[in-house]
Amino acid sequence: MSKKIDARLPKKNGTGVYESYAAIRSPWEKLVSYKDAMHYVSRYNATLSAACMQALRILVPDYAERAQDMCEAAYQKLYYLMTNYGAYAMDEHNVHPFCRGSFVGALTGDSGDEALLMCGRVQDFGTYRAEKELDVCDWDIVGSELCRATTQSLEATSRAWSEKLRPGTQLEFHMVEAKGCGDCHCRIVAESREKYPMPSHAQWECFGPVATADQIKFTEEKDMVKESMVFREECDYTFTNGTNVEHDDSSVADLMGRSNAAAGYIFPTISNLLRQGKLDEKVVDHVLWCVCEAAGKAVYGEHYSREGLRNWLGAPADLNDGRLMGGHIEMFLQALRVPYEIEAFNSEEVVYVIDRNTLSVFEPKLADAYVAYWYGMTRTLVNAQWFLTEEKEGTPADKLRIKIAKKIDKFC
């Protein structure tokens, strides 16, 4: 082990003695199970996404304009992806070649919900109507604009899939209820406007009411579920849908690592607005940094929250330096399976080199948001003498090199 890195037991230590378990491991040998790690990163990225949404609200103050921008970006992104990769996705979801129409696109929403730990149930699935009810949604803290935009990713997927089939009935997707708006459930209802006519509306007004409100099947709170199928015994720990697709628990890590969570709806919107000349890049970067830094400081602003993390990491009670923040970052990177190298991990400095593209899923400004978020956390989790900085000089473009060390900065 390098002199710059505190001694750690090797990863294979003890594997020949006891059974091995799927877990992430802190620098102090604390294990967190796979299921708990998935819940951890799900809420973690939803929280960062909520901060990024606040930045977008500053950049685009008008609600209707902002929601429309997000809906357009969501539709464009998914329509492009499914036009190019839809055949593979349809095969993966067992879409029969004799199907027709856009209702089959609801299959991807169902499997995606489960893999993102948004558990619930399909209440209806047919040519003229589909209904999905969620009991859990970690994204419920982000904002109702996001809820609107998610309907458009489903709309785009369904349209793209239907174009690869024989011509058939097209469905319109509506978010009838949303946990982010205070409802008990999230509920998507897709309807054929030929069979269930309704007045036309703007794209962003894709919330209820719907024509088939009398067909909604509401699940009482006592019957609601708390875990996705892959974590439930009665489902044999397997996701299964109506076309006999089966996924094991690896589907959760796979989608968590490539979805960007709710940020995957926010940053494409910002990119669109920059390309259209509606936003100034310097202003965007400034607002994102300020909001994410403040959000990071708020995470550990209360002293008791530090102890919560220390216990979760198994960190020594007398440890109060950059290694504490380093342990936090390592657990996150491990959970998302983001490749990283440790250059230093000691009482004086902590240095990581992180795969930038895996971290940001090719959204460069998301990596910048993480840096601002972690910078803010460092100032409150450790103390104000410690700074987290990105070291760009000499670092390849596809790498993110961050250093946690003491520093004096009169303009921080």
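Keep in mind it's a predicted model, so treat the numbers as computed, not measured.

Draft legend 1. Representation of empty space enclosed by the protein. What the rule picks out here adds up to 2 cavities of 30 Å³ or more. The volume enclosed by the largest cavity comes to roughly 60 Å³. Lining the largest cavity, in full, are Asn 45, Met 256, Gly 257, Arg 258, Asn 260, Leu 336, Val 338, Thr 358, Leu 359, Val 361, Leu 366 and Tyr 370. By residue number, the principal contributor to the lining of the largest cavity is helix H5 (residues 250-259), which donates 3 residues. In terms of residue class, the lining of the largest cavity is made up of 7 nonpolar, 4 polar and 1 charged. A volume near 40 Å³ is recorded for the second largest cavity. Lining the second largest cavity are Val 41, Ser 42, Asn 45, Leu 116, Trp 139, Met 256, Ser 259 and Ala 261. Those elements that place two or more of their residues in the lining of the second largest cavity are helix H1 (34-59) and H5. At 3 residues, the largest contribution of residues to the lining of the second largest cavity is made by H1. Among the residues forming the lining of the second largest cavity, the class breakdown is 5 nonpolar, 3 polar and no charged.

Draft legend 2. Structural context of helix H2 (residues 63-92). For H2, which comprises 30 residues, the first-to-last C-alpha distance of 37 Å sits more than 12% below the rise-based estimate of 44 Å (1.5 Å per residue). At Tyr 85, H2 shows its strongest bend, of approximately 75°. Of the residues flanking the start of H2, the one acting as N-cap is Asp 62, its side-chain oxygen 3.3 Å from the backbone nitrogen of Ala 64. Within two residues after H2, Asn 94 carries a phi angle of roughly 55°, on the positive side.

Draft legend 3. Local environment of the sheet that holds strand E6 (residues 186-192). In space, the 4 strands of this open sheet follow the order E3-E4-E6-E5, with antiparallel pairing throughout. Sheet topology places strand E3 (120-125) and strand E5 (171-177) at the edges, where each strand pairs with a single neighbour. Neighbour-to-neighbour, the strand axes of this sheet turn through a mean angle of 15°, independent of strand direction. Pairing of E3 with strand E4 (residues 129-134) involves 5 bridges; the strand directions are antiparallel.

Draft legend 4. Looking closely at the packing of aromatic side chains. On inspection of all chains with the given rule, the structure shows 16 aromatic pairs. Geometrically, the ring pair formed by Phe 332 and Tyr 370 is tilted, given 5.4 Å between the ring centres and 50° between the ring planes. Placement of Phe 332 in helix H9 (residues 322-336) and of Tyr 370 in helix H11 (residues 364-381) is noted, with a sequence separation of 38 residues between them. Taking the relative accessible area as the measure of exposure, Tyr 370 reaches 2% and is therefore buried. Taken together, the ring pairs in this structure connect Tyr 40, Tyr 44, Trp 312, Phe 332, Tyr 370, Tyr 373 and Trp 374 into an aromatic cluster. The ring of Phe 345 has Arg 8 sitting right over it, with the charged end atom 4.5 Å from the ring centre. Positioned above the aromatic ring of Phe 387 is the side chain of Arg 379, whose terminal nitrogen or guanidinium carbon lies 4.0 Å from the ring centre.

Here is what the cut-offs are and how they apply
Residues numbered from 1 in each chain as written. Predicted model: local features only at pLDDT ≥ 70, side-chain atom pairs only at ≥ 80, totals over all residues. Heavy atoms only, no water. 1 Å grid on protein atoms, 1.4 Å probe; cavity = no way out; pocket = protein on both sides within 12 Å on 5 of 7 lines; lining within 4 Å. Points joined across faces, edges and corners; volume = space filled by probe spheres on them. Helix = DSSP H or I, 4+ residues; strand = E, 2+ residues; numbered from the N terminus. Nonpolar A, V, L, I, M, F, W, Y, C, P; charged D, E, K, R; others polar. Expected span 1.5 Å × (residues − 1). Bend = angle between axes of the 7 residues up to and from the residue. Polar contact = N/O pair within 3.5 Å; in protein donor to acceptor, adjacent residues only side chain to side chain. Pairing = 2+ DSSP bridges. Axes fitted to C-alpha atoms, helices over the stretch in contact; angles between N-to-C directions. Phe/Tyr/Trp six-rings, centres within 6.5 Å; stacked < 30°, edge-to-face > 60°. Buried < 20%, exposed > 50% of the residue type's maximum accessible area, 1.4 Å probe, protein only. Lys NZ or Arg CZ within 6 Å of the ring centre and 35° of its normal.

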